[in-house]
Amino acid sequence: MGDIFLSETLGTMTLILLGNGVVANVLLSQSKGQNSGWIVITAGWGFGVFAGVAVALSIYPEGGAHINPAVTIGLATIGLTPWGDVPVYIAGQFVGAFVGAVLVWLAYSNHWSATEDPGLKLACYSTGPAIRDTTANGITEILG
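These remarks concern the structure in this document.

Parameters at a glance
- Residues numbered from 1 in each chain as written.
- Predicted model: local features only at pLDDT ≥ 70, side-chain atom pairs only at ≥ 80, totals over all residues.
- Heavy atoms only, no water.
- Helix = DSSP H or I, 4+ residues; strand = E, 2+ residues; numbered from the N terminus.
- Buried < 20%, exposed > 50% of the residue type's maximum accessible area, 1.4 Å probe, protein only.
- Areas by Shrake-Rupley, 256 points an atom, 1.4 Å probe, with all protein chains shown as cover.
- Phe/Tyr/Trp six-rings, centres within 6.5 Å; stacked < 30°, edge-to-face > 60°.
- Patch = residues over 30% accessible without salt bridge, like charges linked within 9 Å, V, L, I, M, F, W, Y side chains within 5 Å.
- Salt bridge = Lys/Arg side-chain N within 4 Å of Asp/Glu carboxyl O.
- Expected span 1.5 Å × (residues − 1).
- Contact = heavy atoms within 4.5 Å.

A few words on the overall build of the protein chain. In terms of regular secondary structure, the protein chain is built from seven helices and zero strands. From first element to last, N terminus to C terminus, the protein chain shows the α and β order α-α-α-α-α-α-α. Looking at the protein chain as a whole, 34% of its 144 residues qualify as buried. Carbon and sulfur atoms provide 68% of the accessible area of the protein chain, an area that totals close to 8500 Å².

Okay, structure coming up:
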């Protein structure tokens, strides 16, 4: 159980550190990557997923590197992960996500106050539609 928790914690932390880190780098004022665009964010998140899986697998290869509660629940539902292990996986993922988010906040500590737009700060940790239209946004989420 300890290997699962450590694997998921460090794998998820790596995912969030690199994924949210690239968003902060692109959006926050006076960063080296400011305004570099969505392709940099997409590539950064892709690399973040790869690195998170690599870290998790290096610690506990048998665990499968879920690094996402939806993956864990999906695998348990189809019988590939024991339900008894699900709380340990998810606890590790929550801890790892929190630590990764804190590390991003610390890494960009000088940039938060330099960024006036609160929407850009929020976007470092959450998503939102470019055009707010509840019906169209709902359809997009359902399709996704």
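Further notes follow.
What follows concerns the packing of aromatic side chains. Considering all chains together, one arrives at two aromatic pairs under this definition. Judged by centre distance (6.4 Å) and plane angle (35 degrees), the rings of Phe-47 and Phe-50 are tilted. Remark: Phe-50 and Phe-47 occur in helix α2 (residues 38-59); sequence separation between them is three residues, near one turn of the helix. Ring plane angle 20 degrees and centroid distance 5.9 Å describe the contact between Trp-112 and Tyr-125, whose orientation is recorded as stacked.

We note that Asn-35 has phi near 65 degrees; this positive angle belongs to a residue other than glycine. Looking at the element boundaries, Asn-35 is found in the loop between α1 (2-27) and α2.

Time to look at a nonpolar patch on the surface. Taken together, the side chains of Phe-5, Leu-17, Val-95, Phe-98, Val-99, Val-102, Leu-103, Trp-105, Leu-106 and Tyr-125 present a nonpolar region at the surface, about 840 Å² in accessible area. If you list the elements that add at least two residues to the nonpolar patch, you get α1 and α4 (86-107). Sorting elements by how many residues they give to the nonpolar patch places α4 first, with seven residues. Mapped onto the secondary structure, Leu-103 falls in helix α4.

A rise of 1.5 Å per residue sets the reference length of α4, with its 22 residues, at 32 Å; its end C-alpha atoms lie 31 Å apart and thus fit the reference within 8%. On its buried face, α4 is in contact with α1, α3 (69-77) and α5 (109-114).

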